[in-house]
Amino acid sequence: MKKLFLSLLATTALVVSSCSDDDEPEIIEAQATCNDGIQNQGETGIDCGGPNCQACVTDVDPTATCSDGIQNQDETGVDEGGVCSEIITVSGEIAEDTTWEASKMYLLAGKVVVGTGVTLTIEPGTIIKGKPGSGSLASALIVQRDSKIMAEGTAEAPIIFTAEEDNIAIGSTAGTNLDQNQRGKWGGLIILGRANGSFKGDVTEVQIEGIPADDTFGLYGPGDAQNDADNSGILNYVSIRHGGALIGEGNEINGLTLGSVGSGTVISNIEVVGNVDDGVEFFGGTVDASNIMVWAQGDDAIDVDQGYSGTISNAVVVAGDVSDHAFEIDGPEGTADPETDSFIIENVTIFGSSVAPNGEYADYRSNAMGITKNIYASGFQEGKDVELDANDVAQNYIDDILNFEFWEVTGADYTIFSEKVAKDENDVEIESTIIADPTFTEAAEDWTTTVEQDANTVGATLTDFSWTYSNTKGSLGF
Amino acid sequence: MKISFKLVVLAFLIIQSVFSQEGEVTGKIIDADFQDPVAFANVIVKGTTTGTTTDFDGVYTLSLEPGTYTLEFSFLGYKSVEITDVVIKDGEVSNVNLTMEVLAEGLDEVVVSVSVKKNTETAVLGIQKKAVNVLDGLSAETFKKTGSSNVASAIKAVPGVSVQGGKYVYVRGLGDRYTKSILNGVDIPGLDPDRNTIQLDIFPTNIIDNVLVLKSASAELPADFTGGIVNIITKDYPSKKEHTISISGTYNPNMHFNSDFLNYEGSKTDFLGFDSGRRDVPINVNQDIPSTSAFDSRLTTITNSFSPTLAAMKSSNGMDYSVGFTTGNQYIVGKEETNRLGFLASVSYKNSTTYYDDAQNNFYRRNSDTSINELETFRTQRGNIGTNNVLVSGLIGTSFKTERSKYKLNLLHLQNGESTAGIFSQTLNFTDFVNFSKDNLEYTQRSITNALLSGTHTNEDATWTTEWALSPTLSRIEDKDIRTTSFQVEDGVSSIPQNNQPKRIWRDLEEVNGVAKLDLTKRYQINEKDAKLKFGAYGSYKARDFGIINFEIESNASTLIYDGMADNILKDENLWTTANPVGSFIDPDISISEPANSYEAVQQNIAGYVSNEFKLGTKLRTVLGLRMEKFETKYTGEDNRDASDPQKVIYDNESIIDEFDFFPTANLIYELTEQVNLRGSFARTTARPSFKEASIAKIFDPLSNNTFIGNIDLLPTYINNFDVRAEWFGENAEMIAISGFYKKFKDPIELTYFESSTDNFQPQNLGDADVLGVEIEVRKNLGFVAAALNNFSFNVNTSIIKSTQIYSEQERNLRTLGLRDGETLGEDRELQGQSPFLINAGLSYEGEENNLQIRLSYNVQGKTLQVVGNGFAPDVYTMPYNNLNFNLSKAFGENNNQSINFKVTNLLGDDVLSEYESFGATNKIFSLRSPGTAFSLGYSIKF
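Draft legend 1. Spatial organisation of the overall build of chain B. Secondary structure summary: chain B contains 7 helices and 53 strands in total. Computed over its C-alpha atoms, the radius of gyration of chain B comes to 30 Å, within 12% of the 30 Å expected for a compact globule of 943 residues. In chain B, buried positions account for 52% of the 943 residues. Counting contacts in chain B only where the partners sit at least 6 residues apart, residues at least 24 apart contribute 70% of the total.

Now the structure itself:
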């Protein structure tokens, strides 16, 4: 009996395992459509309206096409613009000076890299979309070292980077189908330069996260030609939405990644909305950035690393339901020099989230050095803090190379400032606080004022952000 | 692989029952020098005229009345042998194999007389003594002595052999790339996308006849091994009708009958070693997953098609058990008694569970401040892991033998399924420690199906032998629905960060392999001395297909509603639907598959060889050989650029390696005395890049956060091997051997980190490397201490190996950057996976009368470089694992046809530990498992 059972068993194993393969499931075809005669996908009428289907208008000729020589759809001209706009797919290296025009829509397929010595010019109002995809397929625009981007939008016609899925039409500044919680639908904008940075082991160049190391267009840092005044071009009135595609765990593309970008570059009037990772991250570099808006990011809003030594001024952070810190500030990783590795963050307004589990004000860590001043903070949950992470940053505070000035907070007071110590992996403190008499929290009383909501005298000039998609979509009232 | 094949037949004394009125004696005669069958030799019962001759295969069968006989074996030019005390019992078959030695010049006749018992014991050593190659063998008998249940655990007893991770064999400290595993002499595909060789734990010992480890090359062997070749030989059919049933059970107090055992709901066929399809990718890989913004109900349908089980569950486990059944017989076909048909069928089933309490897997790094020596935590993971492993094997073999030909057909299927569930607490050092609780569910299914059709033909006087084999193999390893769910835990609140969503991964590796080979042997005479010319051809074709599919689960609801329970995430009420647009769903933004981590490749090897074996004088045997191999790898794959990118690189079955090489070999054996051999050998061998290495694949590993970058420009490594060995063979299977070896590697392939990004690495041809080693092997009967200890014997073998790999420029630069204050950097390091020493020792008792065998064995290997550091990531070493095992077996019953076996493994209760080592720093744990001590009891019966 046992014999029989065993032979049977082996035979079954042989047979079943060899024929259980490759029965691929069938593709599930779409059922809800815009012509199925059913109001079944958030439509406002039958097969029309809502975020998904065409607007409920009755005067569109169903036979209208983009080659009928009549302006009979939502075209902006005869057979051009609107639904008839040309979509240009770009991929790989941009090998010669190129201009992207506002009358067209550009679709980034995978990594699009501005070639060495090449300038990419983008007209105001141009819409650039990124294809979906994660890992090695994440789409991104990379302005590599020794190349330039000239993206000069205007308040009325910002340059928009968004997801392919966004139903934004040429000539408009927003689509209707996505909101700030739609994240990770494409990669992001990455600008790399040759300005100073302080890297682990004092290497002179490193690979930006998210790009495999054999793709040398991902390198940033001086290499053999340091240039603190390096000019990567101009970013002005640029809105970056729904990005941050995942590369791997804890490895995503930021909305705007700036690696060793030099002070010759202009970065102003930038908005990042609904990115999985950080809003804007500065890896070393000397560039100044002003009028920066970050809304509903998945991680930190403004992130500074590797001895970034520029000035970030007039910025607004509006945390979302899943946001982390407003500021996450790390110091130089290699040899540290307060003269060349200190940041300035000034005139920033940060609005916290009432629900985000990890929605903290700020974290200063890893030898962070610089000054954070004229900050207005409001709307954070109780218990959230501005922390000095461990003794090394506390020592920088004592040594006067990490400073805080003029903070105003609503709904909290100076006790949000807190000195922490390093812990081991079992949550056991392995050092004790070193700032005494006054303690860090006590000292914070000097630079912190509690004010009523919107009674702040420091912070960002909110009206500078009235152009933003965040302001419109989020009804922020700037 | 002729030598190994001979060993199959050279089995030990087997007593079998047949239903006839007389007994039978059968066996095989082998030429001691050449290890070839001695055809047409005379076998006569001493003092009678009753006798027979061997067939071309050296096999004889003789029917006799019950009684005790002396058999005489003789053949022209050989020393005659008398075997005394051959007992023939009613209805039984006795097996007497022997090795005959060539007469020394000028001698008329020599008769060697030995008892049956001694003849049997020395059989394996006899093979070793005369073999042309430096080899070590493990017979089925040894498996029984050591109590090993699979090849991986048994093979550790061979000198210079170590096993990593319980699966991968290293010979003389050279692993994977340099050690090759073959089945019945032919190539088989691997089962690991990252390795070339097969995992040996998949072979249960009860379908194995023996395992041979060859450490030096000869022309008829493939040239792509350097450390050694492990040849796994499956059971041959028996000479008479025989059935065997065996059962065994293992109890480990640390692991079994444990109510904390972890598991998860699998499929109905898990107990048979495969998944019923429940863990298949539930949707088509080309499925377009709608975004939430599309309000498309398909998103819910798609999400619903995934199993909602994400959490590991506590459940009780039992103990390990296995059952096996083997049957075989041989029939005379037609009128000719020489026409025989044999068959063998063997099935086995093993079901085991392991449970590790507080298992650890940690990542540490060096501080960026080089004045700080202590390592800093990067990530720690501690938790409990439950694993259920099912191994089913089936072997069917049949053979047909005529007077001058023999045909064999073997079919083998191995089926293995391993289901793992773990719950971990993780801390990640993002400067602050962030705590996670993590559930991990895994299922890995492995299978191998191999067919072997082979033939042997000989001419009338057996001076020509032709052997051929055709062998297709299909192997497959699938990781099916690996589920990882992490909750960030802060102040008692569990949430899922956006950048750490639950993941589900499928990996599929399929290899198809075909081998055809033809070997011809011509025996002739040079200067009136025997000589042997061998030549042949070999062709192999290997194709691999590898792909990864992955999904993530996104939630646009607050993840706090899951309460930190993984199984809540895909509960019906928490799913995104068009009516409930706040919930969890399959993330449409994650690429299901990426071209850059999938590839297909084909390797073709066409080889021809010629070798000549002859004697110079009476003492020096010489084998000179030359092998030619034409090796080609063709690659199909694409890079990660978009299809519209003009720079996109696509390889469509393009030749990336195409080499034609000569591999000379020389083996010299000098018979200093009857007992002492001196050996020397030289061989040129190669190590070729694996499918994965010679590729443009870019594969991100979520566990280590490392990215592997293939290198399509890799060159094969060439190695010059030198071996010397002195060996002494004494009475009672005693022996002492001392070997030395030196290997010089040109363009060795090692993984190298990028300076600009230390979590990216790539295989590269590095600077030259050397391996130098000494091996000592002693087998000694303890009778010399006191006569009472005559039944005790002691064996020890030790290998001391020094390997030297000169740092590559990148590695030196990175290591220099990470040097601590006061630390200096040398020129070189040891090879990865290279153990500086290996020790195997054993004390055995073998009772002649009571059929009792007892063995205490000990095995340890020195601190071994496991993960090569890069300056800021410290080196990881596997620490010595002191493995002491006890085994007792006793045969009893009628004709000793039953046996019981009792085994205790890991008597010392040692832990399996790997640690980070860094200058001036306390060692930190990289991985830790406590296997505990296990007790096994087995029973088997033959009838």
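Draft legend 2. Geometry of the overall build of chain A. For chain A, the count of helices and strands is 4 helices and 28 strands. Contacts spanning at least 24 positions in sequence make up 68% of the contacts within chain A whose residues lie at least 6 apart.

Draft legend 3. Layout of the sheet that holds strand β41 (residues 757–765) of chain B. Residues and elements named next belong to chain B. Taken together, the 4 strands give an open sheet; going across it, the order is β36-β37-β41-β40, and neighbouring strands pair in mixed fashion. In this open sheet, the two edge strands, each paired with only one partner strand, are β36 (698–701) and β40 (749–754). The sheet shows a mean angle of 25 degrees between the axes of neighbouring strands, taken without regard to direction. The pairing of β36 with strand β37 (residues 706–709) spans 4 bridges and is classified as antiparallel. Bridged to Asp701 within β37 is Asn706.

Draft legend 4. A look at the interface of chain A and chain B. In this assembly, 77 residues from chain A lie in contact with 73 residues from chain B. Within the residue set of the side of chain A that touches chain B, elements represented by two or more residues are α1 (2–19), β1 (87–94), β3 (105–114), β10 (206–207), β13 (246–248) and β14 (251–252) of chain A. For the side of chain A that touches chain B, the leading source of residues is α1(A), giving 10 residues. Residue composition of the side of chain A that touches chain B, grouped by class: 27 nonpolar, 28 polar and 22 charged.

Draft legend 5. Main features of the confidence of the model for chain A. A residue-level look at chain A finds 86% of positions with pLDDT of 70 or above and a mean pLDDT of 88. Overall, residues 1–21 of chain A carries pLDDT values under 50, and its contacts beyond four positions in sequence, including any with other chains, amount to 28 contacts.

Draft legend 6. Molecular detail of the nonpolar core. Core analysis: the largest hydrophobic core is formed by 137 residues, its most contacted members being A:Leu108, A:Ile142, A:Val280, A:Val294, A:Ile302, A:Val317 and A:Ala326. A total of 8 residues in this core trace back to one element, the largest contributor, which is β3(A). Counting residues in each nonpolar core, the second largest holds 78 residues, with B:Leu221, B:Tyr349, B:Val392 and B:Ala601 among its members.

Draft legend 7. Representation of the environment of B:Phe585. Residue and element names in this part refer to chain B. Along the chain, Phe585 turns up in strand β31 (residues 584–586). Judged by the 24 C-beta atoms lying within 10 Å of it, Phe585 falls in the buried class. As a C-alpha pair, Phe585 and Thr301 span 284 residues in sequence and 9.6 Å in three-dimensional space.

Draft legend 8. Structural view of the environment of B:Glu65. Looking at the secondary structure, you find B:Glu65 in the loop between β5 (59–64) and β6 (67–74). Residues B:Glu65 and B:Glu22 lie 43 residues apart in sequence; the distance between their C-alpha atoms is 5.1 Å.

Draft legend 9. Quick look at the confidence of the model for chain B. Residue and element names in this part refer to chain B. Looking at chain B, the pLDDT average stands at 83 and 90% of residues meet or exceed 70. With pLDDT under 50 throughout, residues 1–20 is counted as low confidence; its partners more than four residues away or in other chains account for 53 contacts. Scored by ipTM, the complex comes to 0.84, with pTM at 0.85.

Draft legend 10. Expanded view of the pairing of strand β30 (residues 529–555) of chain B. Residue and element names in this part refer to chain B. As judged from the 24 bridges shared by strand β29 (residues 503–526) and β30, these two strands associate in the antiparallel manner. Bridge pairing links Val515 to Ser540 in β30. Taken together, β29 and the strand that follows it, β30, pair antiparallel across an intervening segment of 2 residues, in which Asn527 is found at a positive phi of about 45 degrees. Relative to strand β32 (residues 599–616), β30 is paired through 16 bridges, and the arrangement is antiparallel. Its bridge partner being in β32, Gly539 is matched across the sheet by Ile606.

Draft legend 11. Main features of the domain arrangement of chain B. The domains assigned to chain B are domain 1 (1–131) and domain 2 (313–942). Domain 1 of chain B and domain 2 of chain B are separated by 38 Å when their C-alpha centres are compared.

Draft legend 12. Layout of the environment of B:Thr933. Residues and elements named next belong to chain B. By the element assignment, Thr933 lies in the loop between β52 (924–929) and β53 (934–942). Between the alpha carbons of Thr933 and Asp910 there is a distance of 8.5 Å; along the sequence they are 23 residues apart. Excluding anything up to four places from it in sequence, Thr933 contacts Asn252, Val904, Thr905, Asn906, Leu907 and Gly909.

Draft legend 13. Examining helix α7 (residues 809–818) of chain B more closely. All names here are of chain B. Those residues of α7 lying buried are Gln810, Glu811, Leu814, Arg815, Leu817 and Gly818. An end-on view of α7 places all buried positions within 155 degrees of arc, on one side of the element. On its buried side, α7 packs onto β23 (363–366), β40 and β41.

Draft legend 14. Inspection of unusual backbone geometry at higher detail. Following A:Asp437, the chain continues into A:Pro438 via a peptide bond in cis, with omega recorded as -5 degrees. Summarising the element assignment, A:Pro438 is placed in the loop between β27 (417–419) and α3 (440–444). Unusually for a residue other than glycine, A:Ser475 sits at a positive phi of about 45 degrees. Relative to the helices and strands, A:Ser475 is located in the segment after α4 (469–473). Of note, the phi angle at B:Phe257 is positive, near 50 degrees, even though the residue is not glycine. Along the chain, the position of B:Phe257 falls in the loop between β18 (242–251) and β19 (262–263).

Reading the values: rules and limits
Residues numbered from 1 in each chain as written. Chains lettered and ligands numbered in written order. Predicted model: local features only at pLDDT ≥ 70, side-chain atom pairs only at ≥ 80, totals over all residues. Helix = DSSP H or I, 4+ residues; strand = E, 2+ residues; numbered from the N terminus. Rg over C-alpha atoms; globule rule 2.2 N^0.38 Å. Buried ≥ 20, exposed ≤ 12 C-beta atoms within 10 Å, placed from the backbone. Contact = placed C-beta atoms within 7 Å. Pairing = 2+ DSSP bridges. Axes fitted to C-alpha atoms, helices over the stretch in contact; angles between N-to-C directions. Nonpolar A, V, L, I, M, F, W, Y, C, P; charged D, E, K, R; others polar. pLDDT = per-residue confidence, 0-100. Core = buried A, V, L, I, M, F, W, Y, C linked by C-beta atoms within 7 Å. Domains from an automatic or database assignment. Arc of directions from axis to C-beta.

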